[in-house]
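In case you want the letters, here they are:
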Amino acid sequence: MTIDKKYLDLFHKVAVKAAYASYHLVGKKDKIAADKAAVDAMRNELNRIDMNGQIVIGEGELDEAPMLYIGEKLGNGNGPELDIAVDPLEGTNFAANNLPGALSVIAVAEKSNLFNAPETYMDKIAISENVKGIVDLDYSVKKNIMNLADYKNTTPENLTACILDRPRHKKHIDELKALNVKLKLISDGDVSGALLVTNNTHKVDIFLGIGGGPEGVLAASALDAFGCFFQGKFIFETDNDKIRAKKMGIDDFDRKYELNEIVSGDSIFCATGITSGDLVQGIKVDEKNYTSETLITHKSLGIKKIFRSTNTI
């Protein structure tokens, strides 16, 4: 089964409308208001679409309106059943402080084909080469880097690793430095961080480290269309985390998930720039129009490119 290509334009519009709504609050030092603007715009657009949609990755737990909460039903009830994952404002601090890299992100798959991820941390690793055994979450940082260097017929100092700049990653960062690997440290936005492995122009060979579980699922949708390798393992630190995970059908708390276990079948992914970053340019406004850039993938159609659109204000 595939998702009809007409939905490509519809979900592109959803991401663009959310990005434009949030754009008005860029640099206003209010990340909550910027996020809410994106959420409200995204919900309004999603409810116009001919579908029976349900949020499986959202802004909050069940019944936590006004966010796009896990379990929320969307669409007008006429059309296919679809799983929806959203991050209406990826990089809330970026938007609030007018920094590069704020995005509006949505991923869509057929019902039961997108992993229903709890709001907890995930250990992740991604490379562009969809080959098992080069890198693995069970390997040490050194083994992953040496394997990848060997596969690329190069040396570690010619590799670049992207990782969130967090205290929890100090050991990883120290190991990467000891191997003379070039570092791209990011402060937020680990959907876009993972996607930097998809294109040689970004000059990132490996993405690794612990970030948000929902963000891992969103990134996996695009990485799947690009034919990349991705692995994720949820981190359940508290009993409440485990209780929520069990409700979502997760029983093995130590399991590694391969890409095809996170997203299966056909999928659509859209990430529209709010502020300009590594992946796409941000919203540009003149007197009558606004222009956006969106990274779009549609697996079944083999689409994986940046689309530019101009809309009347």
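Above: the structure in question.
**Describing the overall build of the protein chain**
Link 1 in the chain: When its secondary structure is counted, the protein chain shows nine helices and 14 strands.
Link 2 in the chain: Taking 2.2 N^0.38 as the reference for a compact globule, 313 residues should give roughly 20 Å; the C-alpha atoms of the protein chain span a radius of gyration of 19 Å, in line with that estimate.
Link 3 in the chain: C-alpha extents for the protein chain along the principal axes are approximately 50 × 45 × 35 Å.
Link 4 in the chain: A burial count over the protein chain gives 54% of its 313 residues as buried.
Link 5 in the chain: For the protein chain, contacts bridging at least 24 residues in sequence account for 68% of all contacts bridging at least 6.
Link 6 in the chain: Carbon and sulfur atoms make up 46% of the accessible area of the protein chain, which amounts to about 13,900 Å² in all.
Link 7 in the chain: Measuring between centres, the 38 positive side-chain charges of the protein chain sit 3 Å from its 45 negative side-chain charges.

**A few points about the side chain of Ser104**
Link 1 in the chain: Relative to the assigned elements, Ser104 resides in strand β4 (residues 103-110).
Link 2 in the chain: For Ser104, a relative accessible area of 0% corresponds to the buried category.
Link 3 in the chain: For Ser104, the side chain forms a polar contact with the main-chain oxygen of Pro88, separated by 3.1 Å.
Link 4 in the chain: Setting aside chain neighbours within four positions, we find Ser104 in contact with Ala15, Ala18, Ala19, Met42, Asp87, Pro88, Cys270, Ala271, Thr272 and Ile274.

**Here we look at the pairing of strand β13 (residues 289-298)**
Link 1 in the chain: Counting buried positions along β13 gives eight out of ten residues, so the element sits mostly inside the fold.
Link 2 in the chain: Judged from the five bridges that link them, strand β11 (residues 267-273) and β13 form a sheet pairing that is antiparallel. Considered in β13, the bridge of Thr272 is made with Thr294.
Link 3 in the chain: Relative to β13, strand β12 (residues 284-285) runs antiparallel, the two being bridged by two bridges. Bridge pairing in β13 places Lys284 opposite Thr291.
Link 4 in the chain: Linkage of β12 to β13, two consecutive antiparallel strands, is achieved through a turn of three residues.

**Observations regarding the packing of aromatic side chains**
Link 1 in the chain: A full pass over the atoms with the stated rule returns eight aromatic pairs.
Link 2 in the chain: Note on Phe115 and Phe234: the rings are 5.6 Å apart at their centroids and 25 degrees apart in plane angle, and the pair reads as stacked. With Phe115 in the loop between β4 and β5 (121-127) and Phe234 in strand β9 (residues 229-235), the pair connects residues that are 119 residues apart, well separated along the chain.
Link 3 in the chain: Ring-pair connections join several aromatic residues into one group, and the members of that group are Phe115, Phe234, Phe236, Phe253 and Tyr257.
Link 4 in the chain: When the ring centre of Tyr139 is taken as origin, the NZ or CZ atom of Lys143, which lies over that ring, is 4.1 Å away.
Link 5 in the chain: The ring of Phe307 has Lys305 lying over it, and the distance from NZ or CZ to the ring centre is 5.1 Å.

**Thoughts on the pattern of salt bridges**
Link 1 in the chain: Counted under the stated rule, the structure contains 15 salt bridges.
Link 2 in the chain: In this structure, the salt-bridge partner of Arg308 is Glu293, at a minimum N-O distance of 2.7 Å. With Arg308 in strand β14 (residues 303-312) and Glu293 in strand β13, this residue pair connects regions lying 15 residues apart in the sequence.
Link 3 in the chain: The class of Arg308 is exposed, set by a relative accessible area of 62%.
Link 4 in the chain: The class for Glu293 is buried, based on a relative accessible area of 9%.
Link 5 in the chain: Here the residues in one salt-bridge network are Glu129, Lys152 and Asp205, joined through shared partners.

**Some points on the sheet that holds strand β10 (residues 257-258)**
The strands making up a sheet associate through backbone hydrogen bonding, with each pair oriented either parallel or antiparallel.
Link 1 in the chain: Taken in spatial order, the six strands line up as β7-β6-β8-β5-β9-β10 in an open sheet, and their pairing is mixed. Unpaired on one side and paired on the other, β7 (182-186) and β10 mark the two borders of the sheet.
Link 2 in the chain: Against the sheet, helix α7 (residues 213-226) touches β5, β8 (206-212) and β9, its axis set at about 25 degrees to β5.

**Let's talk about the pairing of strand β3 (residues 81-90)**
Link 1 in the chain: The element β3 is largely enclosed, with a buried count of nine among its ten residues.
Link 2 in the chain: In the sheet, strand β1 (residues 52-57) pairs with β3 via five bridges, with the strands oriented parallel. In the strand pairing of β3, Ile57 is matched with Ala85.
Link 3 in the chain: Alignment of β3 against β4, held across seven bridges, turns out to be antiparallel.

So, how was this worked out
- Residues numbered from 1 in each chain as written.
- Predicted model: local features only at pLDDT ≥ 70, side-chain atom pairs only at ≥ 80, totals over all residues.
- Heavy atoms only, no water.
- Helix = DSSP H or I, 4+ residues; strand = E, 2+ residues; numbered from the N terminus.
- Rg over C-alpha atoms; globule rule 2.2 N^0.38 Å.
- Buried < 20%, exposed > 50% of the residue type's maximum accessible area, 1.4 Å probe, protein only.
- Contact = heavy atoms within 4.5 Å.
- Areas by Shrake-Rupley, 256 points an atom, 1.4 Å probe, with all protein chains shown as cover.
- Lys, Arg positive; Asp, Glu negative; His and termini not counted.
- Charge placed at Lys NZ, Arg CZ, Asp CG, Glu CD.
- Polar contact = N/O pair within 3.5 Å; in protein donor to acceptor, adjacent residues only side chain to side chain.
- Pairing = 2+ DSSP bridges.
- Phe/Tyr/Trp six-rings, centres within 6.5 Å; stacked < 30°, edge-to-face > 60°.
- Lys NZ or Arg CZ within 6 Å of the ring centre and 35° of its normal.
- Salt bridge = Lys/Arg side-chain N within 4 Å of Asp/Glu carboxyl O.
- Axes fitted to C-alpha atoms, helices over the stretch in contact; angles between N-to-C directions.

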